[in-house]
Amino acid sequence: EKEPSGVFVCGWIVNCFWTLDIGVSLITGFHRETQLEVRWRSIIEFYMTRWFFFDVLVVLPDWIFLFFQYDENLEDGLSTLRVLKVIRFLRLMRLIKLQRLIGDVFGRINSDSALASMRLFALMVMILMVMHVIACMWFLIGDSKHGWAAELRNGDLADRYWVALLWSLSHLQGSTCMADLQTGERIYVAVVMLISLALTGLFIASTTNKLQEGVDFARDLTSQRSALRAFAQRNRTSPELCVQIRQHLEAQMISRDTHSRDERLLKLLSPGLYKDLLFQMRGGTCSRHVLFDFLGARNSRFFRQMCSEGFETNTWQVGETVFCAGDACKHFRFVKTGCFKYIHSSILHTQGVKTRVRGTYGGYTRSNFEADGAAATFASSNNLLGEWEERAQTLTEGNYISEACLWTLWECCGLCVSSEEGTMYTMNTETFREVVTQYPEVLWMSVLYARQFVLKLNKTPMTDLLEPPQVSEWEPEAIDVVHSEDQDLPWEEELPSHISKHVARAAVKLAQLIASEGLDENRPHHGFTVIVGDEEKLATCGRAGFNPFQGHDLRLVNSQGQMDKDVFDTLRRNAFHGDGAITLDSQTGKVIASGWFVGDIRLGGSAGGARSRSAKAIAQQAGNCYVIKASEDSRGKVILHLGTNVQPFSGKLKE
């Protein structure tokens, strides 16, 4: 018997969905352990070895059946296609994959309300599917000579199905007809009633549980409000403060369950996964700051540890005061979500807010503003902006405030309140100091930055929203550092195995002598770069134009591990006149080439000139190189690179 048109259309829709699923699966990445795999070859190999043949086995018989079932000539000629009707039962195997797809969908939902709605919807669909199976079995039992469906045998298939489905659904509310039924039909009815009773109980329990959660929350909220009213009456608390406390308590109760679930979840993670999670949560926001972005590019381990250990997450409700003018400041804050308003103390002072002098620091007069009058009006949720709306500065996602507390003693210079519910990442100054001091290079760069920040702070009006100095003002190549004592070779204990410390020391001495004394016949140099690296690997990273040292065996380091003065003089006369770098073999000290250019400078970033970017780039290639760069105006100072490490050097090496 032919299927109704509605069933036929549904069959086409279902087959199209599962066929498209095959194509989508061929372009969908997957996780291999903890890494996301997006390479085409790996994706196809992964799908072919797992789900491809299963999907084809399930989809192909359905397409064959759909194409041939309405062609009578083909159906008569290909009677073996009736076997496909049996094979079509393989469609039930789709439930295995459907369960996995539903699990993926549920795993991507982060909203509790949406997840609860989806679970309720899934429960209703499950009940409907069970009722569908029961209806089909009921019709099969009653489709006999004396069965209940005998009178409907000549009727439309859809009508017979709806009669059976309505009968099965009627058991969910406990009503059914037991008259004029055969013994087998009555036994089936009894079994169905038990199943319906279980399904009804499951549905009621699920919905009741959700409603009970809301009732428990309302009961807790009511008790909190009653306790607050009693406390306010005993202590004569102002109505405005009571309103703010009540709003805060309501918000805290809403987030309490969420936070408790998060804490239970995070305790299950390993330390490594926990740090990775916090790094992804906070890294994007913190990298908006120029210093942290710079340090993160130079030392990813420091940035990862800072994001995981250096910050705490604080939530603020509408109208809450983050800080007031005159408060001692020990926290540097990033805005993650929401909107905050900041107004400087000078504006509050002109509007009649009472002040009292606290003292002076660094030449500035500090004031503390009392939280009454206009300031209290500004901070209240009912009149958050008021007359200062146009003069308040807005902080949104990625903005930061109170950076000065990281570099000097600081008191807040204004009033900051939340204009909407929001979240801040807060860094304590002590925690920042503990993390930074674990990384010598980061500590050194932070000191350079702090010097320039304090210089800028002393030249501008005091504010909590001071813009950081430009990278060019504190980046190592822009800072002159003078060493009064003899120094060890930088990174001597960290040199890769293919770099000899004798060759590196000789190259640094060579560069310093050329930078300080110039070339032969008292001619000045015009800036240069010396690269110490593996000769074979350097050949794959760049090339030289005209190379006067090709075919010669000049070695900068002699057999005693000291710089060869004759080779130094040769290099001084012939190697520093043109563009390009001087390259030395890192094991033997052999002069490989002059006028050498790196092929790919993308690792050098976008800041600085071509020579500076090339030095940064080649230091990270060929298994890491020891690179010495001197600018055109250098008179002894050089910039050293090793991998991602950068350090200016102007002292004398220890013998």
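Residues numbered from 1 in each chain as written. Predicted model: local features only at pLDDT ≥ 70, side-chain atom pairs only at ≥ 80, totals over all residues. Heavy atoms only, no water.

Side note on the overall build of the chain
Line of reasoning, step 1. When its secondary structure is counted, the chain shows 22 helices and 19 strands.
Line of reasoning, step 2. Per-residue burial for the chain yields a buried fraction of 40% across its 655 residues.
Line of reasoning, step 3. For the chain, restricting intrachain contacts to residue pairs at least 6 apart in sequence, the fraction spanning at least 24 positions comes to 72%.
Line of reasoning, step 4. Total accessible area on the chain stands at roughly 37400 Å², and carbon and sulfur atoms take up 56% of it. (Helix = DSSP H or I, 4+ residues; strand = E, 2+ residues; numbered from the N terminus. Buried < 20%, exposed > 50% of the residue type's maximum accessible area, 1.4 Å probe, protein only. Contact = heavy atoms within 4.5 Å. Areas by Shrake-Rupley, 256 points an atom, 1.4 Å probe, with all protein chains shown as cover.)

Some words on the nonpolar core
Grouped burial of nonpolar side chains is what soluble globular proteins tend to show.
Line of reasoning, step 1. Phe292 and Met306 are the most contacted members of the largest nonpolar core, which totals 47 residues.
Line of reasoning, step 2. In terms of residues, this core owes the most to one element, helix H17 (residues 440–459), which gives six residues.
Line of reasoning, step 3. Those residues in contact with Met306, other than ones at most four positions away along the chain, are Phe292, Phe311, Met427 and Val435.
Line of reasoning, step 4. Core analysis: the second largest hydrophobic core is formed by 37 residues, Val532, Phe549, Leu571 and Ala575 among them. (Core = buried A, V, L, I, M, F, W, Y, C linked by side-chain atoms within 4.5 Å.)

Here's the deal with the sheet that holds strand S3 (residues 311–316)
Line of reasoning, step 1. Spatially, S3-S12-S5-S10 is the arrangement adopted by the four strands of the open sheet, whose pairing is antiparallel. Each of the sheet's edge strands pairs with one partner strand only, and the pair in question is S3 and strand S10 (400–401).
Line of reasoning, step 2. Of the strand pairs in this sheet, strand S5 (residues 331–337) and S10 are connected by two bridges, and their pairing is antiparallel. Bridge pairing links Phe334 to Tyr400 in S10. (Pairing = 2+ DSSP bridges.)

Regarding the pairing of S5
Line of reasoning, step 1. Bridging between S5 and strand S12 (residues 422–428) involves six bridges; their strand directions are antiparallel. Looking at the pairing, Arg333 lines up with Thr426 of S12.

Some remarks on the packing of aromatic side chains
Two numbers describe a pair of aromatic rings. These are the distance of the centres and the angle of the planes.
Line of reasoning, step 1. In this structure the tally under the stated criterion is 17 aromatic pairs.
Line of reasoning, step 2. Through pairs of rings, three or more aromatic residues link up here, namely Phe292, Phe311, Phe332, Phe334, Tyr400, Trp407, Phe432, Tyr449 and Phe453.
Line of reasoning, step 3. When the ring centre of Tyr425 is taken as origin, the NZ or CZ atom of Arg282, which lies over that ring, is 5.6 Å away. (Phe/Tyr/Trp six-rings, centres within 6.5 Å; stacked < 30°, edge-to-face > 60°. Lys NZ or Arg CZ within 6 Å of the ring centre and 35° of its normal.)

Overview of H17
Line of reasoning, step 1. Its 20 residues place the ends of H17 29 Å apart at the C-alpha level, agreeing with the 28 Å of an ideal helix rising 1.5 Å per residue.
Line of reasoning, step 2. All of the buried residues along H17 are Glu441, Val442, Met445, Ser446, Leu448, Tyr449, Ala450, Phe453 and Leu457. (Expected span 1.5 Å × (residues − 1).)

Observations concerning the pattern of salt bridges
Line of reasoning, step 1. Counted under the stated rule, the structure contains eight salt bridges.
Line of reasoning, step 2. Lys275 is the partner of Glu309 in a salt bridge, and the nearest nitrogen-oxygen pair spans 3.6 Å. Linking Glu309 in helix H13 (residues 300–309) with Lys275 in helix H11 (residues 271–286), this pair joins segments that are 34 residues apart in sequence. (Salt bridge = Lys/Arg side-chain N within 4 Å of Asp/Glu carboxyl O.)

Some points on the sheet that holds strand S17 (residues 626–630)
Line of reasoning, step 1. Ordered in space as S14-S16-S15-S13-S17-S18-S19, the seven strands form an open sheet in which the pairing is mixed. Every other strand in the sheet has two partners, leaving strand S14 (542–544) and strand S19 (645–649) as the edge strands with one partner each. Direction aside, neighbouring strands of the sheet carry axes that sit 30 degrees apart on average.
Line of reasoning, step 2. Note: S17 against strand S18 (residues 638–642), four bridges, orientation antiparallel. Counterpart to Lys629 in the pairing with S18 is Ile639. (Axes fitted to C-alpha atoms, helices over the stretch in contact; angles between N-to-C directions.)

What to know about a nonpolar patch on the surface
Line of reasoning, step 1. Residues Val24, Ile27, Trp40, Ile44 and Met48 make up a contiguous nonpolar surface patch of roughly 490 Å² in combined accessible area.
Line of reasoning, step 2. Ranked by residues supplied to the nonpolar patch, first place goes to helix H2 (residues 40–48) with three residues.
Line of reasoning, step 3. Summarising the element assignment, Ile44 is placed in helix H2.
Line of reasoning, step 4. On the basis of relative accessible area, Ile44 is assigned to the partly exposed category, the value being 35%. (Patch = residues over 30% accessible without salt bridge, like charges linked within 9 Å, V, L, I, M, F, W, Y side chains within 5 Å.)

Focus on the pairing of strand S13 (residues 528–533)
Line of reasoning, step 1. Across the six residues that make up S13, a large majority, six, are buried.
Line of reasoning, step 2. Residues Phe528, Val530 and Val532 point to one face of S13 and Thr529, Ile531 and Gly533 to the other, with burial holding for every one of them.
Line of reasoning, step 3. With five bridges joining them, S13 and S17 adopt antiparallel strand pairing. In the sheet register, Val530 faces S17, and the bridge partner there is Ile628.
Line of reasoning, step 4. Across four bridges, S13 lies against strand S15 (residues 581–585) in parallel orientation. Within the sheet, the bridge partner assigned to Gly533 lies in S15 and is Asp585.

Side note on the packing of H13 against helix H16 (residues 429–436)
To describe two helices that pack against each other, one gives the angle between their axes and the distance between the axes.
Line of reasoning, step 1. Two numbers describe how H13 lies on H16: the axes approach to 10 Å, and their chain directions differ by 155 degrees. Here H13 is positioned roughly antiparallel relative to H16, judged by the angle of their axes. The handedness of the crossing between H13 and H16 comes out as right-handed. Note on element contacts: H16 touches H13 through Thr431, Val435 and Val436, opposite Phe302, Gln305, Met306 and Glu309.
Line of reasoning, step 2. Residue composition of the contact of H13 with H16, grouped by class: four nonpolar, two polar and one charged. (Parallel < 35°, antiparallel > 145°, perpendicular 65-115°, else oblique. Left-handed = near helix turned anticlockwise from the far one by under 90°. Nonpolar A, V, L, I, M, F, W, Y, C, P; charged D, E, K, R; others polar.)

Examining the packing of H11 against H13
Line of reasoning, step 1. Between H11 and H13, the shortest axis-to-axis distance is 7 Å and the interhelical angle comes to 95 degrees. By the criterion of interaxial angle, the relationship of H11 to H13 is roughly perpendicular. From H11, Gly272, Lys275, Asp276, Leu278, Phe279, Arg282, Gly283 and Cys286 reach across to H13, where they touch Phe303, Arg304, Cys307, Ser308 and Glu309.
Line of reasoning, step 2. Class assignment of the residues belonging to the contact of H11 with H13 gives a composition of five nonpolar, three polar and five charged.

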